Amino acid sequence: MAGHLNGSGPKDGAEGKVASLDEARRRAAARAKDPRVAAKVPGPASRPMTARDWMIGAVVMAMAAGMVWHWVAPLVGARGLVR
């Protein structure tokens, strides 16, 4: 087996091994005090929406509206409201 190829696997040496919960908390607190780590906001909220995001959203919404119309159109046509 090749292992963790993208670098996300366990670290070798003392950096990757945690012996106790207290030690893990101390390491997490030390990482949180690092200004580079504290300033980084994880997830999609960390970046503004691009034009590509807006276009994909518009296509998905148009498909949803078309699907709803596809369901409703036969009901409207059966009542004679739209000719």
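Here the structure is a predicted model, which is why all the values come from computation and not from measurement.

### Section: the overall build of the chain
Inference 1: Within the chain, the secondary structure is distributed over three helices and zero strands.
Inference 2: What you see in the chain, going N to C, is helices and strands ordered as α-α-α.
Inference 3: A buried classification covers 4% of the 83 residues belonging to the chain.
Inference 4: By element, 66% of the accessible surface of the chain is carried by carbon and sulfur atoms, the whole surface being about 7800 Å².

### Some thoughts on the confidence of the model for the chain
Where the model shows low pLDDT, its predicted coordinates should not be examined in detail.
Inference 1: In the predicted model, the chain carries a mean pLDDT of 76, and the fraction of residues at 70 or more is 58%.
Inference 2: Looking across the chain, the model is least confident in helix α2 (residues 35-39), with a mean pLDDT of 65, and most confident in helix α3 (residues 51-79), with 90.

### Some words on the pattern of salt bridges
Inference 1: Taken as a whole and judged by the stated rule, the model has one salt bridge.
Inference 2: Across the pair Glu-23 and Arg-27 runs a salt bridge, and its minimum N-O distance is 2.8 Å. Highlighted residues: Glu-23 and Arg-27, both in helix α1 (residues 21-33), separated by four residues, approximately one helical turn.
Inference 3: Note on Glu-23: relative accessible area 21%, which makes it partly exposed.
Inference 4: Of the residues examined, Arg-27 reaches a relative accessible area of 22% and is grouped as partly exposed.

Reading the values: the criteria
- Residues numbered from 1 in each chain as written.
- Predicted model: local features only at pLDDT ≥ 70, side-chain atom pairs only at ≥ 80, totals over all residues.
- Heavy atoms only, no water.
- Helix = DSSP H or I, 4+ residues; strand = E, 2+ residues; numbered from the N terminus.
- Buried < 20%, exposed > 50% of the residue type's maximum accessible area, 1.4 Å probe, protein only.
- Areas by Shrake-Rupley, 256 points an atom, 1.4 Å probe, with all protein chains shown as cover.
- pLDDT = per-residue confidence, 0-100.
- Salt bridge = Lys/Arg side-chain N within 4 Å of Asp/Glu carboxyl O.

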